Amino acid sequence: MTPTEAVVLPTGRPTPFDPPAELGQLRESRPITRLAYPDGHRGWLVTSHALVREVLADPRFSARSELRHLPVDSGGQAGRPAPPGMFISTDPPVHTRYRHLLTGEFTVRRMRRLTERIEEITRVHLDAMERQGPPADLVAAFTAPIPAVVICELLGVPEQDRERFMAQGTTLMRTDVPQEEKIAAYLAMQAHMKELVLAKRATPTDDMLSGLTGSDLTDEELANIGFMLLGAGLDTTANMLALGTFALLRNPAQLDVLRSEPDRADQVVEELLRYLSVVPFLVRTALEDVELGGERVSAGETVTISIAAANRDPGRFADPDRLDLLRASGGHVAFGHGVHQCLGQQLARVEMLAGFPALFERFPSLRLAVEPGEVPLRTDMLIYGVHRLPVTWDTGQ
């Protein structure tokens, strides 16, 4: 390929559900192209499904946080080594040690054993929403609390601490918050998690953190693992539930598929994951010179991997810009790929398998309470979704 001028990561969305159109244009013309980073770095942007999987599976591309540059304003999050326990920002063998300790906590079998409890939590919040009556903000009433309760129960976070953790986690994920506020939220959240770890060591209970106190992990490692799992568990599934509901309400023919064919719930969830891609990008840094898609990526250059563009690649998915709940969506990269593929993906699936069918079964007349253009989108957050989803329904009274 011939040298080209570096582009800036496109962020403007044509609709609430579609990634920036420029990503698709780049995928068709230059699936690997030069990218200009806010800190002055010149790296790469990868947009095709095949190249995204290639980068994520190649150990020559590092996830280490001290090597990476972010394609959006980092707020001071880039350029620092990962604290002990923050294994998603490390490489093997460090990553392997932590991953092996935690893999048993997130097996498909164990997550499916949680189904009954997750369904109970879902019912409780639907009951409360029904008692309150319409209209309601679905994010506050349903989509945010369910994954929050689930991950907090798994980790053993006391109920009185959950709202505080949620608020601090939201601050960390915003892209429009001053760096000093993010640092304060991070330090406060970390301090609270360390207190929790010490409490678990003193008086273990039946939860994941207590179980991990029997390993060789230090207090700092345990606190950082808890911090990382809590943050991941709070935000991603909540936004899949909210944005997914928004998408289904705007696609009534597809919503009818979910309502009329509940046995297809697994397929529904996979297609929503592909279609929405609430984690829009990942980053990796070349540890050595690598030939990628006909370009030479030099050691030290960061590659931004567009998950959203890969999941809309017509070379992998037919008519990819259409939500099709009858589609076989296997092979999407919404959870990443390779050794860093999302550890909690099975938990997220169980929560969505419980949430979507139960919501529309309880409220068959569920609809937006505002015009679609009035729904506030999370364009100011690292994880995409909606800030609020005002909905209403018929009460039968």
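Structure first, text after, so check above.
Everything in this summary refers to the structure shown in the same document. What you see is a predicted model, and the numbers here were worked out from it, not measured in a lab.

**Let's talk about unusual backbone geometry**
Now for step 1: Cis rather than trans, the peptide bond between proline 92 and proline 93 has omega equal to 5 degrees.
Now for step 2: For proline 93, the position within the fold is in the loop between β4 (61-62) and α3 (94-103).
Now for step 3: Cis geometry marks the peptide bond from proline 134 to proline 135; its omega dihedral reads -5 degrees.
Now for step 4: Within the secondary structure, proline 135 is located in the loop between α5 (115-132) and β5 (136-137).
Now for step 5: Even without glycine at this site, aspartate 319 takes up a positive phi of about 45 degrees.

**Observations concerning the environment of serine 215**
Now for step 1: You can see serine 215 is positioned in the loop between α10 (208-212) and α11 (219-249).
Now for step 2: Take serine 215: its relative accessible area is 23%, and that puts it in the partly exposed class.
Now for step 3: Separated by 3.3 Å, the side chain of serine 215 and the backbone nitrogen of leucine 217 make a polar contact.

**Comments concerning empty space enclosed by the protein**
Now for step 1: Taken as a whole and judged by the stated rule, the model has one cavity of 30 Å³ or more.
Now for step 2: In this structure, the largest cavity is lined by Arg13, Phe17, Pro19, Arg274, Tyr275, Leu276, Ser277, Ala308, Asn311 and Arg312.
Now for step 3: Per-element accounting of the lining of the largest cavity gives the leading share, three residues, to helix α13 (residues 265-276).
Now for step 4: Of the residues that constitute the lining of the largest cavity, the class distribution is five nonpolar, two polar and three charged.

**With respect to the sheet that holds strand β11 (residues 390-392)**
Now for step 1: The three strands are arranged β5-β11-β10 in an open sheet whose pairing can be described as antiparallel. Here the strands that pair on one side only, and so sit at the sheet edges, are β5 and β10 (367-368).
Now for step 2: Direction of pairing for β5 relative to β11: antiparallel, over a ladder of two bridges. Paired with aspartate 137 across the strands is proline 390, a residue of β11.

**Considering the packing of aromatic side chains**
Now for step 1: Inspection of every chain in the model, using the stated rule, returns four aromatic pairs.
Now for step 2: A ring pair is formed by phenylalanine 87 and tyrosine 98, whose centres lie 6.2 Å apart and whose planes are at 25 degrees; its orientation type is stacked. Highlighted residues: phenylalanine 87 in the loop between β4 and α3 and tyrosine 98 in helix α3, separated in sequence by 11 residues. Per residue, the accessibility class of phenylalanine 87 equals that of tyrosine 98, and both read buried.
Now for step 3: The interplanar angle of 45 degrees and the centroid separation of 4.5 Å between the aromatic rings of phenylalanine 363 and tryptophan 393 together place this pair among those described as tilted. You can see phenylalanine 363 sitting in the loop between α15 (345-362) and β10 and its partner tryptophan 393 sitting in the segment after β11, a full 30 residues away along the chain. Both residues of the pair, phenylalanine 363 and tryptophan 393, count as buried.
Now for step 4: The ring of tyrosine 384 is capped by arginine 13, whose NZ or CZ atom sits 3.6 Å from the centre of that ring.

**With respect to α15**
Now for step 1: Taking 1.5 Å of rise per residue, 18 residues should cover 26 Å, and α15 covers 26 Å from first to last C-alpha, within 8% of that figure.
Now for step 2: In terms of residue burial, α15 counts as a mostly covered element, since 14 of its 18 residues are buried.

**Considering the pattern of salt bridges**
Now for step 1: Counted according to the given criterion, the structure contains 23 salt bridges.
Now for step 2: Arginine 201 is the partner of aspartate 219 in a salt bridge, and the nearest nitrogen-oxygen pair spans 2.4 Å. Here arginine 201 lies in helix α9 (residues 179-202) and aspartate 219 lies in helix α11, a separation of 18 residues in the sequence.
Now for step 3: Exposure remark for aspartate 219: the relative accessible area of 31% places this residue in the partly exposed category.
Now for step 4: Overall, arginine 201 belongs to the partly exposed group, its relative accessible area being 32%.
Now for step 5: Each of Asp18, Arg312 and Asp321 takes part in a single network of salt bridges with overlapping partners.

**Some points on the pairing of strand β2 (residues 32-36)**
The two faces of the sheet receive side chains in turn, since in a regular strand these alternate between them.
Now for step 1: Of all the five residues making up β2, four are buried; the element is thus mostly covered by neighbouring parts of the structure.
Now for step 2: Looking at chain direction, strand β1 (residues 7-8) and β2 are connected through two bridges and run parallel. Residue pairing across strands places valine 8 opposite alanine 36, the latter belonging to β2.
Now for step 3: Traced from β1 through helix α1 (residues 21-29) to β2, the parallel crossover comes out right-handed.
Now for step 4: Across five bridges, β2 lies against strand β3 (residues 42-46) in antiparallel orientation. In the sheet register, isoleucine 32 faces β3, and the bridge partner there is valine 46.
Now for step 5: Connecting β2 to the next strand, β3, in antiparallel fashion are five residues, including glycine 40 with a positive phi near 95 degrees.

**Quick notes on the packing of helix α7 (residues 145-155) against α11**
Now for step 1: The geometry of α7 relative to α11 is characterised by a closest axis approach of 8 Å and an angle of 155 degrees between their N-to-C directions. Taken together, the axes of α7 and α11 are roughly antiparallel relative to one another. As for how α7 packs across α11, the hand of that crossing is right-handed. Along the contact surface, α7 presents Pro147, Ala148, Ile151, Cys152 and Leu155, while α11 presents Gly226, Leu229, Leu230, Gly233, Leu234, Thr237, Ala238 and Leu241.
Now for step 2: Among the residues making up the contact of α7 with α11, the classes are represented as 10 nonpolar, three polar and no charged.

Parameters and conventions
Residues numbered from 1 in each chain as written. Predicted model: local features only at pLDDT ≥ 70, side-chain atom pairs only at ≥ 80, totals over all residues. Heavy atoms only, no water. Helix = DSSP H or I, 4+ residues; strand = E, 2+ residues; numbered from the N terminus. Buried < 20%, exposed > 50% of the residue type's maximum accessible area, 1.4 Å probe, protein only. Polar contact = N/O pair within 3.5 Å; in protein donor to acceptor, adjacent residues only side chain to side chain. 1 Å grid on protein atoms, 1.4 Å probe; cavity = no way out; pocket = protein on both sides within 12 Å on 5 of 7 lines; lining within 4 Å. Points joined across faces, edges and corners; volume = space filled by probe spheres on them. Nonpolar A, V, L, I, M, F, W, Y, C, P; charged D, E, K, R; others polar. Pairing = 2+ DSSP bridges. Phe/Tyr/Trp six-rings, centres within 6.5 Å; stacked < 30°, edge-to-face > 60°. Lys NZ or Arg CZ within 6 Å of the ring centre and 35° of its normal. Expected span 1.5 Å × (residues − 1). Salt bridge = Lys/Arg side-chain N within 4 Å of Asp/Glu carboxyl O. Right-handed = clockwise from strand over helix to strand, strands pointing away. Axes fitted to C-alpha atoms, helices over the stretch in contact; angles between N-to-C directions. Parallel < 35°, antiparallel > 145°, perpendicular 65-115°, else oblique. Left-handed = near helix turned anticlockwise from the far one by under 90°. Contact = heavy atoms within 4.5 Å.

By themselves, these figures tell us nothing about what the structure is for.
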